[in-house]
Amino acid sequence: KAPTPGLQAKYRESLAEITTAFETLTLAADSSSLPVLKKESGDRSQETGGSASPRAGSPGGASLDDSRTSARPQATAGKKKSSSKEFALVAVIAVAVLGAGGWFVMKTRTENAEAAQAAKTEADRLAALKTSLRSKLAEVRVDWEAHESDLQDAERRANELKSELRGLREAPAMKKAELSAQVTAHELYAKWLKSHLLRHPAKLARVRAEELLQAGAPDEASTVMGEITAALKELAEDITYRRQYFFETSTSLRLHSKPEGVLWLLTDAYGRTREGTTPAQLEDLPLTHLVTSGVPVAPFGGVEQRGELTTGTISVRFFRPGWPEVVRNTTALLDDNPVLEAEFPEGSVDVTSQPAGVPFTASNALGWSATGKTPATLQAVPPGPVTVKLSRPGYQDVSGEVKVVAGKSTPLALDQRTQEVSITVAESNVAIFVDDKSVGPKAASLTDLPPGEHALRLETKGYRPYRTKFVVRQEGTKLNLSYSFNQLIAETITCTACQGAGRLQHQQTCNQCRGSTKVDCPSCKNGIAAYDADGKWIMCSYCNRKGTLPCESCTGGIQRWQTTCTTCSGDGKVSQLQLSP
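Everything numeric in this text was worked out from a predicted model, so none of it was measured.

Next up on the list: the overall build of the protein. Looking only at helices and strands, the protein features eight helices and 32 strands. When contacts within the protein are restricted to residue pairs at least 6 apart in sequence, long-range pairs at least 24 apart make up 59% of them. When the accessible surface of the protein is totalled, it reaches about 36000 Å², and 53% of it is carbon and sulfur.

Structure (structure tokens):
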């Protein structure tokens with residue numbers, strides 16, 4: 001009746017020891033039944049009673065008794081010594097057997113008590129284990145029902161989004177595409193969760209644990225409960241990962257350019273845009289498309305088996321004024337973190353001019369421009385045609401075009417020189433003035449006069465100043481001017497103003513009104529204004545929209561005057577020197 005196999009073996013061993021002890025005690029009892037002390041005492045009393053009369057009645061009897069008496073003590077002494085040894089031996093054996101029996105009895109009682117305590121402890125442990133297992137199984141059932149409720153919520157949310165998508169008939173295509181991606185994501189998640197819960201190891205292990213507990217095997221059920229706990233933990237992690245994977249997963253994208261600081265514009269698969277400057281690290285690009293067999297599906301269309309989530313096609317445009325636009329497209333997966341780079345190659349231009357120190361402007365057709373003064377080296381110039389224009393007040397602009405090559409320096413020389421003017425005077429101590437600026441005595445060489453008409457004045461002692469004009473052209477030639485005061489004063493000519501008469505008398509028709517006392521309004525026609533030189537629409541304020549103006553230069557269309565000629569001073573003759581303006 002021992003409760004466990006171990007106690008049964010232990011009790012069998014104890015019974016064998018008890019049997020051995022019993023046989024030992026039986027042998028001891030048999031050896032201790034020999035007559036030793038009691039038999040010796042009876043013989044001694046008989047011998048005393050039989051010898052009383054002989055000792056009293058006859059001397060002969062006394063000697064016989066004496067001889068017996070003397071002989072018996074010797075025999076009795078020998079027997080007594082042998083009986084004492086046997087008694088001692090038996091006593092020792094009895095004490096040993098009794099001691100062993102007592103020890104065995106005490107040991108058996110102790111072992112029985114320990115076995116009973118162990119049985120009670122084992123029963124208590126099993127009862128507590130069963131209670132704990134029932135409690136844990138109840139918690140497992142609640143946890144599992146929560147997962148099944150999540151499945152119902154996921155299916156309901158997918159249906160709601162599908163209904164919302166059907167209602168977006170007039171919405172933009174991008175909006176419908178985005179909502180369609182959300183619908184498919186929820187459907188995929190619900191389908192995965194349903195399939196995952198249907199045959200999940202936690203569900204199967206729970207059923208096995210309940211059967212073992214009902215069959216009275218709590219230890220085996222406890223082992224299965226450990227499997228259930230691990231499986232439920234793994235299930236929770238899987239659900240969290242899948243939810244993030246389908247609904248909250250995003251990836252990153254890095255944007256770089258050479259050089260940095262370039263403007264970029266990103267357009268995602270739904271047409272949404274964002275912009276910034278390089279370098280940039282984008283961390284929140286949503287994964288909304290699937291890739292199956294390496295072919296992007298936008299968005300999730302016709303996909304039943306989940307592939308890899310991607311961002312769809314992302315287009316990034318890089319802008320740098322003066323350079324062609326750079327477009328980069330990519331499709332990013334979950335852990336890709338791709339890098340889009342745009343390089344804008346550069347060249348340089350060495351600009352020189354004659355003369356030096358001339359302001360210039362460089363530009364190309366794409367909006368790049370730079371300014372400076374020659375000589376100069378322009379860095380970071382876009383490859384391709386570049387136009388450089390020299391421009392300064394009083395000069396005609398000079399332009400040149402050069403084709404810039406990436407990584408190389410291209411020279412460009414421009415010429416904005418005017419004629420070199422050489423002025424010489426025969427007389428000494430002559431002051432030369434050009435445009436009222438002194439340029440030297442007797443002779444001057446000028447290389448920086450702007451193109452056009454310039455005033456020359458020559459002054460020397462004893463002569464009136466000689467004034468004249470000369471024209472400088474913008475070309476690389478030389479203009480030589482030579483003068484002599486003696487020659488200028490000696491050369492007299494008839495005054496062309498008065499025709500030698502000394503007086504000027506004119507009577508002629510007015511060149512403006514041709515004698516009609518009216519002139520046509522040059523700013524309008526019949527009082528209707530036209531555009532002026534600045535491009536503004538105006539009306540004539542002089543003729544009050546009549547289209548003519550009264551002639552204020554004459555009376556009746558005839559101009560009349562008569563006066564002394566200021567050129568010849570009335571003598572009808574002038575010298576070359578006097579004719580100088």
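Of note, I314 is situated in strand 8 (residues 314–319). Take I314: its relative accessible area is 1%, and that puts it in the buried class. When the C-alpha positions of I314 and R328 are compared, they lie 8.3 Å apart, and in sequence the two are 14 residues distant.

Here we come to the side chain of S353. Its place among the elements puts S353 in strand 11 (residues 347–354). Relative accessible area serves as the criterion here: at 12%, S353 is assigned to the buried category. Within the structure, the side chain of S353 is placed 2.6 Å from the backbone oxygen of P355, a separation counted as a polar contact. In this structure the side chain of S353 is engaged in a polar contact, spanning 2.5 Å, whose partner is the side chain of T374. The residues touching S353, leaving out its near neighbours within four places in the chain, are V358, T374, L390 and L414.

The full count for this structure, using the stated rule, is three aromatic pairs. Ring centres 5.0 Å apart and planes at 45° place the aromatic pair Y463 and F485 in the tilted group. Here F485 lies in helix 8 (residues 485–490) and Y463 lies in the loop between strand 22 (452–459) and strand 23 (466–472), a separation of 22 residues in the sequence. In this structure Y463 comes out as partly exposed when scored by relative accessible area, which is 27%.

At a closest axis distance of 9 Å, the pairing of helix 5 (residues 173–198) and helix 7 (residues 218–248) adopts a crossing angle of 165°. On the basis of their axis angle, the class for helix 5 and helix 7 is roughly antiparallel. Considering how the two elements wind past one another, helix 5 and helix 7 form a crossing that is right-handed. Across the interface between the two elements, A185, H186, L188, Y189, W192, L193, H196 and L197 from helix 5 touch L235, D238, I239, R242, R243, F246 and F247 from helix 7. For the contact of helix 5 with helix 7, the residue count by class is ten nonpolar, two polar and three charged.

All right, on to unusual backbone geometry then. Residues K258 and P259 are joined by a peptide bond in cis, for which omega reads 0°. With respect to the helices and strands, the residue P259 is situated in the loop between strand 1 (250–258) and strand 2 (263–267). T374 connects to P375 through a cis peptide bond whose omega is -5°. One non-glycine residue, D435, adopts positive backbone phi at about 55°. Relative to the helices and strands, D435 resides in the loop between strand 19 (431–434) and strand 20 (437–441). Here D435 falls in the partly exposed class, since its relative accessible area comes to 34%. Not every positive phi belongs to a glycine, and D436 is a case in point at roughly 65°. Mapped onto the elements of the fold, D436 is located in the loop between strand 19 and strand 20.

Attention now moves to the confidence of the model for the protein. The predicted model of the protein has a mean per-residue pLDDT of 81, with 81% of residues at 70 or higher. Summarising per-element confidence for the protein, the mean pLDDT is lowest in helix 3 (residues 52–57) (41) and highest in strand 12 (residues 359–363) (96). Low pLDDT (under 50) marks residues 37–70, which in the prediction has twelve contacts with non-local residues, meaning those over four places away or in another chain.

Turning our eyes to something else, we now look at the environment of I93. Secondary-structure assignment places I93 in helix 4 (residues 59–166). Through-space distance from the C-alpha of I93 to that of A28 is 7.1 Å; in sequence the pair is 65 residues apart.

This part takes up the pairing of strand 12. Here strand 12 shows one buried face, formed by F360 and A362, and one open face, formed by P359, T361 and S363. Hairpin connection, strand 12 to strand 13 (residues 369–373): the antiparallel pair is bridged by five residues, and G367 has positive phi, about 100°.

This next bit is on empty space enclosed by the protein. Tallied over the entire structure, the rule returns one cavity of 30 Å³ or more. In this structure, the largest cavity spans a volume of roughly 50 Å³. Lining the largest cavity, in full, are D268, A269, Y270, R272, L285, P286, T288, T311 and I314.

To continue, consider the pairing of strand 3 (residues 273–277). Across five bridges, the pairing between strand 2 and strand 3 is antiparallel. Within strand 3, the position partnered with W264 by the bridge is G276. Hairpin geometry of strand 2 and strand 3 is characterised by an intervening segment of five residues between the two adjacent antiparallel strands and by a positive phi of about 85° at G271.

Of all hydrophobic cores here, the largest spans 33 residues; its most connected members are L255, F318 and L378. Every residue in contact with L255, bar those within four places of it in the chain, is listed here: W264, T278, P279, A280, L282, V316, F318 and L340. L197, A205, A221 and A231 belong to the second-largest nonpolar core, a separate cluster that totals 26 residues.

For helix 7, spanning 31 residues, the distance from its first C-alpha to its last is 43 Å, which sits close to the expected 45 Å at 1.5 Å a residue. For helix 7, the full list of buried residues reads P218, A221, V224, M225, I228, A231, L232, L235, I239, Y245 and F246.

As a further point, take the pattern of salt bridges. A complete count under the given rule lists 18 salt bridges for this structure. A salt bridge links K469 to E453, with the nearest nitrogen and oxygen atoms 3.7 Å apart. A residue pair is termed long-range when its members are at least 10 positions apart, and K469 in strand 23 and E453 in strand 22 qualify at 16 residues. Comparing K469 with E453 shows no difference in burial state: the two are exposed.

Before going further, it helps to spend a moment on the sheet that holds strand 11. Strand order in the open sheet made by the three strands is 14-11-17, with mixed pairing throughout. The sheet terminates laterally at strand 14 (376–381) and strand 17 (409–415), the two strands that pair on one side only. Neighbour-to-neighbour, the strand axes of this sheet turn through a mean angle of 20°, independent of strand direction. Strand direction decides the pairing type here: strand 11 and strand 14, joined by four bridges, are antiparallel. Residue pairing in the sheet places G347 in a bridge with V381 of strand 14.

Here we take up the side chain of D268. Here D268 shows up in the loop between strand 2 and strand 3. A distance of 3.0 Å separates the side chain of D268 from the backbone nitrogen of Y270, its partner in a polar contact. Among the polar contacts listed, one links the side chain of D268 to the backbone nitrogen of G271, at a separation of 3.0 Å.

So, how was this worked out
- Residues numbered from 1 in each chain as written.
- Predicted model: local features only at pLDDT ≥ 70, side-chain atom pairs only at ≥ 80, totals over all residues.
- Heavy atoms only, no water.
- Helix = DSSP H or I, 4+ residues; strand = E, 2+ residues; numbered from the N terminus.
- Contact = heavy atoms within 4.5 Å.
- Areas by Shrake-Rupley, 256 points an atom, 1.4 Å probe, with all protein chains shown as cover.
- Buried < 20%, exposed > 50% of the residue type's maximum accessible area, 1.4 Å probe, protein only.
- Polar contact = N/O pair within 3.5 Å; in protein donor to acceptor, adjacent residues only side chain to side chain.
- Phe/Tyr/Trp six-rings, centres within 6.5 Å; stacked < 30°, edge-to-face > 60°.
- Axes fitted to C-alpha atoms, helices over the stretch in contact; angles between N-to-C directions.
- Parallel < 35°, antiparallel > 145°, perpendicular 65-115°, else oblique.
- Left-handed = near helix turned anticlockwise from the far one by under 90°.
- Nonpolar A, V, L, I, M, F, W, Y, C, P; charged D, E, K, R; others polar.
- pLDDT = per-residue confidence, 0-100.
- Pairing = 2+ DSSP bridges.
- 1 Å grid on protein atoms, 1.4 Å probe; cavity = no way out; pocket = protein on both sides within 12 Å on 5 of 7 lines; lining within 4 Å.
- Points joined across faces, edges and corners; volume = space filled by probe spheres on them.
- Core = buried A, V, L, I, M, F, W, Y, C linked by side-chain atoms within 4.5 Å.
- Expected span 1.5 Å × (residues − 1).
- Salt bridge = Lys/Arg side-chain N within 4 Å of Asp/Glu carboxyl O.

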